[in-house]
Amino acid sequence: MSKVIKGGTIVTADRQWTADVLIEGEKIAEIGENLRGDEVIDAEGAYVIPGGIDPHTHLEMPFMGTTAAETFETGTFAAAAGGTTMLVDFCLPGEDGSLLNAIDAWDRKSKDQICVDISYHMAITGWSEKIFEEMASVVNERGINTFKHFMAYKGALMIEDDEMFASFKRCAELGALPLVHAENGDIVAELQQKYMEMGITGPEGHAYSRPPEVEGEAANRAIMIADAAGTPLYIVHVSCEQAHEAIRRARQKGMRVFGEPLIQHLTLDESEYFNKDWQYAARRVMSPPFRSKEHQDGLWAGLAAGSLQVVATDHAAFTDEQKRMGVDNFGMIPNGTGGLEERMAMLWTQGVETGRLTPEEFVAVTSSNIAKILNIYPMKGGINVGGDADIVVWDPKLGRTISTATAKSILDYNVFEGMEVSASPRYTLSRGDVVWAAGQNSQPQPGRGRFVKRPPAASASKALSKWKSLNTPRKIERDPMNIPAGV
Ligand code: URP
Ligand code: ZN
Ligand code: ZN
Ligand code: ZN
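Sequence order as written defines the numbering, with residues in each chain counted from 1. Chain letters and ligand numbers both follow the written order, the letters beginning at A and the numbers at 1. The predicted nature of this model means local features are confined to residues of pLDDT at least 70 and side-chain atom pairs, given and counted, to a pLDDT of 80 or more, with totals for whole chains, interfaces and linings taken over all residues. As a rule here, side-chain values cover all heavy atoms of the structure and leave hydrogens and water aside.

Under an unreviewed UniProt entry, the name given to the protein is D-hydantoinase/dihydropyrimidinase, and the organism recorded is Gymnodinialimonas ceratoperidinii. The annotation that UniProt attaches to the protein under Sequence similarities (unreviewed entry) is "Belongs to the metallo-dependent hydrolases superfamily. Hydantoinase/dihydropyrimidinase family." UniProt positions are given in the numbering used here, feature names are shortened, and annotations may be inferred rather than shown by experiment. What UniProt states about the protein under its Function (unreviewed entry) heading is, verbatim, "Catalyzes the hydrolysis of dihydropyrimidines and of the structurally related DL-5-mono-substituted hydantoins, to produce N-carbamoyl-D-amino acids."

### Examining the packing of aromatic side chains
In summary, the pairing rule links any two rings of Phe, Tyr or Trp, Trp by its six-membered ring, whose centres are within 6.5 Å, and it sorts them by plane angle into stacked for under 30 degrees, edge-to-face for over 60 and tilted for everything else. What the rule picks out here adds up to 13 aromatic pairs. Plain terms: the ring middles of Phe150 and Tyr153 are 5.9 Å apart, the flat faces sit at 55° to each other, and that makes the pair tilted. Only protein chains enter the calculation, and the probe is 1.4 Å; a residue is then buried if its accessible area is under 20% of its type maximum, exposed if over 50%, and partly exposed in between. Given a relative accessible area of 15%, Tyr153 falls into the buried group. Pairing Tyr273 with Phe290 gives two aromatic rings, centres 5.5 Å apart and planes at 35°, and the pair type is tilted. Residue Tyr273 is located in the loop between α9 (263–267) and α10 (278–283), and its partner Phe290 is located in the loop between α10 and α11 (293–305); the two are separated by 17 residues in the primary sequence. With respect to class, Tyr273 is no different from Phe290; both count as buried. One aromatic cluster is present, formed by Tyr47, Trp348, Phe362 and Trp394 through successive ring pairs. It is Lys109 that lies over the ring of Trp106; its NZ or CZ is 3.4 Å from the centre. Secondary structure elements are defined from DSSP: runs of H or I of at least 4 residues count as helices, runs of E of at least 2 residues count as strands, and each element is numbered from the N terminus. Two conditions define a charge sitting above a ring: the NZ of Lys or the CZ of Arg must be within 6 Å of the ring centre, and it must be within 35 degrees of the ring normal.

### What to know about the coordination of the zinc ion (ligand 2)
Binding of the zinc ion (ligand 2) to the protein goes through Glu160 (OE) and Asp186 (OD), at separations of 2.6 Å. Taken together, the residues Glu160 in the loop between β13 (146–150) and α4 (161–174) and Asp186 in helix α5 (residues 185–197) connect sequence positions 26 residues apart. Here Asp186 falls in the partly exposed class, since its relative accessible area comes to 33%. Listed donor atoms are N, O and S within 2.8 Å of the metal (Na, K and Ca: 3.2 Å). As water is not included, a site may look incomplete.

### Brief notes about the UniProt feature "domain: Amidohydrolase-related" (unreviewed entry) in the protein
Per the UniProt record, "domain: Amidohydrolase-related" (unreviewed entry) is found at residues 47–435. Secondary structure within residues 47–435 divides into 39% helix and 16% strand; the distance between the first and last C-alpha atoms comes to 18 Å.

### Quick notes on the sheet that holds strand β8 (residues 52–57)
Note: two strands are recorded as paired if DSSP finds a minimum of 2 bridges between them. The strand order across the open sheet formed by seven strands is β8-β11-β12-β13-β14-β15-β16, and the pairing between neighbours is parallel. Edge positions in the sheet fall to β8 and β16 (257–259), since each of these pairs with one other strand and no more. Across the sheet, the mean angle from the axis of one strand to that of its neighbour is 25°, orientation sign disregarded. With two bridges joining them, strand β12 (residues 117–123) and β13 adopt parallel strand pairing. The axes used here are C-alpha line fits, helices contributing only the stretch in contact, and every angle between their N-to-C directions lies in the interval 0 to 180 degrees.

### As for helix α2 (residues 99–110)
Taking 1.5 Å of rise per residue, 12 residues should cover 16 Å, and α2 covers 17 Å from first to last C-alpha, within 8% of that figure. Contacts are assigned to residue pairs with any non-hydrogen atoms lying within 4.5 Å of each other. For α2, the secondary structure elements touched by its buried residues are β9 (62–63), α1 (72–81), β11 (84–91), β12 and α3 (129–140). Counted as a polar contact is a pair of N or O atoms within 3.5 Å, where, for protein atoms, one must be capable of donating a hydrogen and the other of accepting one, and residues adjacent in sequence contribute only when both atoms are in side chains. At the N-terminal end of α2, a side-chain oxygen is found 3.3 Å from the backbone nitrogen of Leu100, two or three residues along, and the residue is Ser98. Positive backbone phi, at 60°, marks Asp112, one or two positions downstream of α2. Expected span, for any helix, means 1.5 Å times one less than how many residues it has.

Structure representation (structure tokens):
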């Protein structure tokens, strides 16, 4: 059974042109004019774009004394409904600290549940000989070439600098890419205590205790450590000018440092935490917190200029009831917001419609750039003959009002509630299957999604490093007669 997507304008990260796309099985077989197939998918008046890739989700994640509510089934269906055909979830080690056992645990959760393709990033939350050894199997056997390091969440996930340095060096050896959550966890912990003592117990305390400076410091520190280890670096949820500035400076020096802003930080600001309604504000508690308009403008500029490369969601869904765990203490509100389903439409509406991004840039930051960074391009992230038919027929006239009632997410609220978007997917195809068709009562197809193995990248260990001279030290031979005795 072949399918042909007819009459649309193909948009890739490089260009736009009018052509049909022929799909045979799971793959794109041909791109050209007047193609024929057994089934026709109408793309008249629409764009034909690579399926979105969201490289930052936390589905069913145990965190802060509870477990994120979005399941692999509901999350991957919500993704499909929003035009995202692949997501990368964060796999956290359990109490035994084993990376391989953690992957098995994540596999048990996702197995037979996923509606689109997924992959994992592996979190490094401590350091040992065993972790050093297991990292090789994670990369070479399990097909995971990215390792996440939390510089925040003191007493829980936070990693120390020496551990991070060791892990980064191991990443360089293995051709894997280190990721960091950049916030100075020690300072955050102190500020949290300070504001609690001042009687600021509500969500505004969350914003006060995580100022942009703590993010900027950690971003600079992580970049220095990556440089010393001789590895590129990917900084997740870049929310402020201080972190962005650190990335720009590093890139200008020739370092491969990538930055990922979130759709939430691009479209929502810090005033949300000062809402009189506690529950409203608590729903928006995530780390780093939303920032001021100036920081937002900087992030948008970075996407256009190329100093920031990827827009993600950090989808970590905690229900109203779960958020109430922190009703007396903002530090106990489970951190995280949703966005998996809304990312593409919100970015199009507030980015492309406003002229801040071109359609090609939209494709680059929602799909192609991250596919390249994750080393799965051109199989994913493009409209390429021989590549996976992960394709969205993107209708620029299919507007809607975002609402919890119509969203596919399990969450009982939506941080974008009531906001208008001007575009939506008409069809979402995952490896050739239609997994979402607007207005046609599409249902989840759990079990059809696959885990995508990502090979190590040879280039990942080729970071330019001004520290290189330190790795080939020169021993100075001295005349023993000239060395003073007794020192
Ligand atoms: O607040 C957030 N971002 N929650 C999820 C965990 C993380 O830090 O990415
Ligand atoms: Zn410390
Ligand atoms: Zn994080
Ligand atoms: Zn996250």
